[in-house]
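A look at the structure
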Amino acid sequence: PPRTVLISGCSSGIGLELAVQLARDSRQRYQVVATMRDLGKKGTLEAAAGEALGQTLTVAQLDVCSDESVAQCLRCIQGGEVDVLVNNAGVGLVGPLEGLSLATMQKVFDTNFFGAVRLVKAVLPGMKRRRQGHIVVVSSVMGLQGVVFNDVYAASKFALEGFFESLAIQLLQFNIFISLVEPGPVGTAFEGKLLEQVSAAQFPGADPDTLHYFRDLYLPASRELFRSLGQSPRDVAQVIVKVISSARPPLRRQTNARYSALTALKAADPSGRLYVRSAHRLLFRWPRLLSRGLRCLACGCLPSRVRPE
Ligand code: NAD
């Protein structure tokens, strides 16, 4: 029988693309429950799903920040049984932290971290009873290493990494697998929404030097990063499909080989100095080198896996 896959955040981006790819599986291995907070936005997904709609794909309402919404959604699934849960819903936050309120930061954790925890708590008893299940988490390379001016977003993804790595140990005992998927930059509405937030925000409380570093160094570098190394949501979804169909799913899976030159800097030096110093130098000392380097990584004239001494 097909496996029931519940995905959060399917109105756009990676979630939408993943729902459609799974629903169109040539071997019809999946029954997809594609969920979103606001059903008013289901048009794009339904159009992309085409004939799969009502067959291998159903659309349901789900706000990961609401207990009631989660309970309601699971009641609508036959038997309430979820075989594969994909925690995809997430929001970004960039900017100097002196200019961000605690309430804004907490909202990021409520969605990215507690949203995933809430869903896991709801499906785990069933998975444990059946002694089978797979929980996939759309983390980020920022769950592996910090990125300047993304302090709170990165923290929310680190939180997911710690939580799910811990849980993975216990759940092996129940034949339940955990997979943390870590994309680099992806060309979705995500970056656009962030830039919109940023251009409207004043960041009251941030000093002029910090604001200058943020607006004049970080923002252009970030745009260049998306332009040169950005993946499509389709590519990321393809990696997730592979992870879901794997007989022995990996705990961690990065999606962007070109970005691994940057994650390798942290792995290569446990003291953390190599990564933090390199990231600092690239942004604050040699911003032009940074954009040239990114372009070279993208065109392939730099090896994608750097092995520092
Ligand atoms: P996106 O903005 O298109 O998708 C995020 C989805 O989450 C949206 O559909 C949004 O409506 C939904 N969402 C937000 N709050 C929600 C809530 N309370 N309940 C239910 N849904 C909610 O962007 P995306 O790039 O497709 O993001 C998907 C995931 O990928 C996120 O977890 C994000 O952190 C992660 N990610 C994105 C990038 C990137 O560069 N775009 C990189 C690494 C990881």
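Below is a summary of the structure that appears in this document. Remember, it's a predicted structure, so these values are computed and weren't measured experimentally.

What counts and what doesn't
- Residues numbered from 1 in each chain as written.
- Predicted model: local features only at pLDDT ≥ 70, side-chain atom pairs only at ≥ 80, totals over all residues.
- Heavy atoms only, no water.
- Helix = DSSP H or I, 4+ residues; strand = E, 2+ residues; numbered from the N terminus.
- Buried < 20%, exposed > 50% of the residue type's maximum accessible area, 1.4 Å probe, protein only.
- Polar contact = N/O pair within 3.5 Å; in protein donor to acceptor, adjacent residues only side chain to side chain.
- Pairing = 2+ DSSP bridges.
- Axes fitted to C-alpha atoms, helices over the stretch in contact; angles between N-to-C directions.
- Contact = heavy atoms within 4.5 Å.
- Near = heavy atom within 4 Å.
- Areas by Shrake-Rupley, 256 points an atom, 1.4 Å probe, with all protein chains shown as cover.
- Expected span 1.5 Å × (residues − 1).
- Arc of directions from axis to C-beta.
- Phe/Tyr/Trp six-rings, centres within 6.5 Å; stacked < 30°, edge-to-face > 60°.
- Right-handed = clockwise from strand over helix to strand, strands pointing away.

Among the secondary structure elements, Gly 54 is positioned in the loop between helix H2 (43-49) and strand E3 (57-61). For Gly 54, a relative accessible area of 55% puts it in the exposed group. Distance from Gly 54 to Val 32, taken between C-alpha atoms, is 9.9 Å for residues 22 residues apart in sequence.

Our next topic: the side chain of Thr 56. Inspection of the secondary structure assignment puts Thr 56 in the loop between H2 and E3. Of the residues examined, Thr 56 reaches a relative accessible area of 9% and is grouped as buried. Engagement of the side chain of Thr 56 in a polar contact is seen with the backbone oxygen of Ala 23, the distance being 2.7 Å.

Taken in spatial order, the seven strands make up an open sheet running E3-E2-E1-E4-E5-E6-E7, and their pairing is parallel. Both outer strands of the open sheet, E3 and strand E7 (252-254), are each paired with one neighbouring strand and no more. Adjacent strand axes in the sheet meet at a mean angle of 20°, parallel and antiparallel pairs treated alike. Contacts from helix H8 (residues 233-245) reach strand E1 (3-7), strand E2 (30-36), strand E4 (84-87), strand E5 (133-138), strand E6 (176-182) and E7 within the one sheet, and its direction differs from that of E5 by about 160°.

What surrounds the ligand is a group of 28 residues, the closest being Ser 12, Asn 88, Tyr 153, Thr 188 and Lys 193. The contact in question runs from an oxygen atom of the ligand to an N or O atom on the backbone of Gly 90, over 3.4 Å. In this structure, an oxygen atom belonging to the ligand sits 3.0 Å away from a side-chain N or O atom of Lys 157. For the ligand, whose free accessible area comes to 820 Å², the fraction covered by protein is 97%.

In this section: helix H6 (residues 189-200). If you check H6, its first and last C-alpha atoms are 17 Å apart, about what 12 residues at 1.5 Å a residue would give, namely 16 Å. Among all positions in H6, only Glu 191, Leu 194 and Val 198 are buried. Buried residues along H6 cover an arc of 60° about the axis, so they all sit on one side. Residues of H6 that are exposed and point over 90 degrees away from its buried face: Glu 196, Ser 199 and Ala 200. In the core, the buried residues of H6 are packed alongside helix H7 (208-229).

Another point: the packing of aromatic side chains. Across all of its chains, the model carries nine aromatic pairs by this definition. On the basis of an interplanar angle of 65° and a centroid distance of 5.8 Å, the ring pair of Phe 149 and Tyr 218 is categorised as edge-to-face. Taken together, the residues Phe 149 in the loop between E5 and helix H5 (151-172) and Tyr 218 in helix H7 connect sequence positions 69 residues apart. Given a relative accessible area of 10%, Phe 149 falls into the buried group. On the numbers, 5.4 Å between centres and 80° between planes, the contact of Phe 203 with Phe 214 is edge-to-face. Of this pair, Phe 203 sits in the loop between H6 and H7 while Phe 214 sits in helix H7, and the two are 11 residues apart along the sequence. Within the aromatic cluster, the residues linked to one another by ring pairs are Phe 113, Phe 114, Phe 163 and Phe 164.

This part is about the pairing of E1. Taken across its five residues, E1 has four buried, putting it largely inside the fold. By the bridge criterion, five bridges tie E1 to E2 in an arrangement that is parallel. In the strand pairing of E2, Leu 6 is matched with Val 33. Handedness of the E1-helix H1 (residues 13-23)-E2 crossover: right-handed. Sheet topology note: the E1/E4 ladder contains three bridges and is parallel. Opposite Ile 7, over in E4, you have Val 86 as the bridge partner.

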